[in-house]
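Residue-level structure breakdown
Okay, here's what each chain looks like letter by letter:
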Amino acid sequence: MIQYKIRIENKSVIIDGLWTAKKVKIDLNSIVKVRKATYSNYVFNNPVYNLHRKGSIRFYSSGKDAVVLTDRDGLEYFIGTQRPNEMYLVIQAEMKS
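So, here is what we can say about the structure in this document. Everything quoted here is computed from the prediction, not taken from an experiment. (Residues numbered from 1 in each chain as written. Predicted model: local features only at pLDDT ≥ 70, side-chain atom pairs only at ≥ 80, totals over all residues. Heavy atoms only, no water.)

From N to C terminus, the protein includes 1 helix and 8 strands. Across the protein, helices and strands are ordered from the amino to the carboxyl terminus as β-β-β-β-β-β-β-β-α. A globule of 97 residues ought to have a C-alpha radius of gyration of about 13 Å, and the protein, at 13 Å, matches this closely. Its C-alpha atoms give the protein principal-axis dimensions of about 35 × 30 × 25 Å. The burial tally for the protein puts 39% of its 97 residues in the buried class. Partitioning the intrachain contacts of the protein with sequence separation of at least 6 by distance along the chain shows that 46% fall at a separation of at least 24. Carbon and sulfur atoms form 48% of the exposed surface of the protein, whose accessible area is close to 6,300 Å². (Helix = DSSP H or I, 4+ residues; strand = E, 2+ residues; numbered from the N terminus. Rg over C-alpha atoms; globule rule 2.2 N^0.38 Å. Buried < 20%, exposed > 50% of the residue type's maximum accessible area, 1.4 Å probe, protein only. Contact = heavy atoms within 4.5 Å. Areas by Shrake-Rupley, 256 points an atom, 1.4 Å probe, with all protein chains shown as cover.)

Here we take up the sheet that holds strand S2 (residues 12-17). Ordered in space as S1-S2-S3, the 3 strands form an open sheet in which the pairing is antiparallel. Since the sheet does not close on itself, it has two edges, and those belong to strand S1 (4-9) and strand S3 (24-27), each with one partner. Recorded for the sheet is a direction-independent mean angle of 15° between the axes of neighbouring strands. Examined bridge by bridge, S2 and S3 share 4 bridges and lie antiparallel to one another. The partner of Ile-14 across the bridge, within S3, is Lys-25. Across the face of the sheet, helix H1 (residues 84-96) comes into contact with S1 and S2 while running at roughly 35° to S1. (Pairing = 2+ DSSP bridges. Axes fitted to C-alpha atoms, helices over the stretch in contact; angles between N-to-C directions.)

Here we come to the pattern of salt bridges. Per the counting criterion, the structure on display carries 3 salt bridges. Across the pair Arg-83 and Glu-86 runs a salt bridge, and its minimum N-O distance is 3.9 Å. According to the relative accessible area criterion, Glu-86 is partly exposed, its value standing at 48%. (Salt bridge = Lys/Arg side-chain N within 4 Å of Asp/Glu carboxyl O.)

A few words now on the sheet that holds strand S8 (residues 76-81). With respect to topology, 5 strands assemble into an open sheet ordered S4-S7-S8-S6-S5, the strand pairing being mixed. The open sheet has two edge strands, strand S4 (31-38) and strand S5 (48-53), and neither has a second partner. Across the sheet, the mean angle separating the axes of adjacent strands is 15° when strand polarity is ignored. Taken together, the 7 bridges between S4 and strand S7 (residues 65-71) define a ladder with antiparallel strand orientation. Considered in S7, the bridge of Val-34 is made with Leu-69.

This part is about the environment of Asn-29. Note that Asn-29 resides in the loop between S3 and S4. If sequence neighbours within four positions are ignored, Asn-29 has contacts with Lys-11 and Arg-72.

Before going further, it helps to spend a moment on the nonpolar core. In terms of nonpolar packing, the biggest core is built from 17 residues, with Val-13, Ile-15, Ile-26, Phe-59, Leu-69, Ile-79 and Ile-91 touching the most fellow members. Elements represented by at least two residues in this core include exactly S2, S3, S4, strand S6 (56-60), S7, S8 and H1. Residue contacts for Ile-26: discarding those within four places in its chain leaves Lys-11, Ser-12, Val-13, Ile-15, Ile-31, Leu-69, Tyr-77 and Ile-79. In terms of nonpolar packing, the next biggest core, distinct from the first, is built from 7 residues, Ala-37, Tyr-60, Ala-66 and Phe-78 among them. (Core = buried A, V, L, I, M, F, W, Y, C linked by side-chain atoms within 4.5 Å.)

Below is the structure:
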């Protein structure tokens, strides 16, 4: 199982994995749209960390929901979470401040 920690601070989202996983920093100043979505319609999903696929970057360990961040270039960051409402509200508040 993949484990990672998400921090939202200083106008950025920092996703930090364990051991050899590279730290990913997403600048919220370049984000144009934030939305909640279903990560996948499948019953079982493989855990992924920093998977680049078809114009998106995916982070997923468990749950069925995700928060999707879209940047100016059209690249989408799918961040799987079990608490999408809380994460969505915190990201919105950080972008406004």
